[in-house]
Amino acid sequence: MTVYFHEGDLPDGLDLGPEVAIDSETMGLRFRRDPLCVVQLSSGDGNAHVVRLNRPAYDCPNLKRVLTDPKVLKIFHFGRFDIGMFELHLGVETRPVYCTKIASKLARTYTDRHGLKDVARELAGVDMSKAQQSSDWGAAELSPAQMDYAASDVLYLHAIKNRLNDMLVREGRMELAQACFDFLPMRSRLDLAGWDEIDIFAHA
């Protein structure tokens with residue numbers, strides 16, 4: 001595995017292929033309080049690209065191009081949060097998308113464990129460490145441990161997606177999953193508009 005570090009943006013001309021695993025690191029989990037700090041990507045080749053964003057300008061046209069490219073599928077785990085952060089700070093709507101957490105909830109109905117650590121252990125045979133999850137992602141320099149953690153969050157998403165797709169097809173839920181993925185950017189927009197804790201589809 002090689003982790004490539006980029007300051008501010010992806011390099012010009014970098015081709016990550018038709019499917020890109022993406023995750024982000026922030027200073028917390030509140031949209032307007034906590035800034036977006038780092039975005040990590042992998043093309044599924046065993047390597048990762050980690051971008052430390054130049055806050056508050058967020059001048060990253062190459063990254064934005066990947067996020068909005070209609071020919072590149074963006075693979076997330078709990079993409080609802082990342083997509084919302086990208087719209088809020090980068091001003092782009094991320095499409096098309098695939099969310100392994102949604103896929104897991106639709107396919108792995110025999111468990112209530114749908115966090116990335118649990119899904120990766122079962123479907124990719126990887127025991128991931130979450131020790132750096134709550135570290136300072138706004139620091140002037142990222143530590144080697146932070147870099148490795150950021151990379152690990154995207155390195156296995158392609159393999160997980162493929163396993164989940166097999167399960168979704170087997171259970172006849174692929175069309176349902178795709179409809180959820182298509183709606184996901186709008187669900188993130190609802191979060192940003194103030195409906196983050198309200199289920200508008202609920203009866204109450």
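Just above, that's the structure.
Scoring rules and cut-offs
Residues numbered from 1 in each chain as written. Predicted model: local features only at pLDDT ≥ 70, side-chain atom pairs only at ≥ 80, totals over all residues. Heavy atoms only, no water. Helix = DSSP H or I, 4+ residues; strand = E, 2+ residues; numbered from the N terminus. Contact = heavy atoms within 4.5 Å. Buried < 20%, exposed > 50% of the residue type's maximum accessible area, 1.4 Å probe, protein only. Polar contact = N/O pair within 3.5 Å; in protein donor to acceptor, adjacent residues only side chain to side chain. Expected span 1.5 Å × (residues − 1). Pairing = 2+ DSSP bridges. Bend = angle between axes of the 7 residues up to and from the residue.

(A) Here's a closer look at the environment of Pro 11. Along the chain, Pro 11 turns up in the loop between β1 (3-7) and β2 (19-26). Each C-alpha atom of the pair Pro 11 and Ser 152 lies 21 Å from the other, and the pair is 141 residues apart in sequence. Setting aside residues no more than four positions away along its own chain, Pro 11 makes contact with His 6 and Asn 62.

(B) Molecular detail of the environment of Trp 195. Inspection of the secondary structure puts Trp 195 in helix α7 (residues 174-195). Accessibility expressed as a relative area gives 38% for Trp 195, which makes it partly exposed. Considered as a pair, Trp 195 and Thr 68 are 127 residues apart in the sequence and their alpha carbons are 24 Å apart.

(C) Geometry of the side chain of His 158. Assignment of secondary structure puts His 158 in helix α6 (residues 157-170). A distance of 3.4 Å separates a polar atom in the side chain of His 158 from the backbone oxygen of Ser 43.

(D) Broad picture of α6. Compared with the 20 Å implied by 1.5 Å per residue over 14 residues, the 20 Å span of α6 between its first and last C-alpha is a close match. Restricting attention to buried positions, one finds in α6 the residues Leu 157, His 158, Ile 160, Lys 161, Leu 164, Asn 165, Met 167 and Leu 168. Once α6 finishes, Gly 172 follows within two positions and takes phi at roughly 70°, a positive value.

(E) View of the pairing of strand β3 (residues 36-42). For β3, a buried count of 7 out of 7 residues is recorded, marking the element as mostly surrounded by other parts of the structure. As judged from the 6 bridges shared by β2 and β3, these two strands associate in the antiparallel manner. Pairing of Asp 23 across the sheet is with Gln 40, part of β3. Looking at chain direction, β3 and strand β4 (residues 48-52) are connected through 4 bridges and run antiparallel. Within β4, the residue paired with Val 39 across the bridge is Val 51. Hairpin geometry of β3 and β4 is characterised by an intervening segment of 5 residues between the two adjacent antiparallel strands and by a positive phi of about 90° at Gly 44.

(F) Focus on α7. For α7, spanning 22 residues, the distance from its first C-alpha to its last is only 27 Å, which falls clearly below the expected 32 Å at 1.5 Å a residue. The sharpest bend along α7 reaches about 40° and sits at Leu 184, with the proline Pro 185 one to four residues further on. For α7, every residue scored as buried is listed here: Ala 177, Phe 181, Leu 184, Pro 185, Arg 187, Ser 188, Leu 190, Asp 191 and Leu 192. Check the buried side of α7 and you find it contacts α2 (79-90), β6 (97-99), α3 (100-107) and α6.

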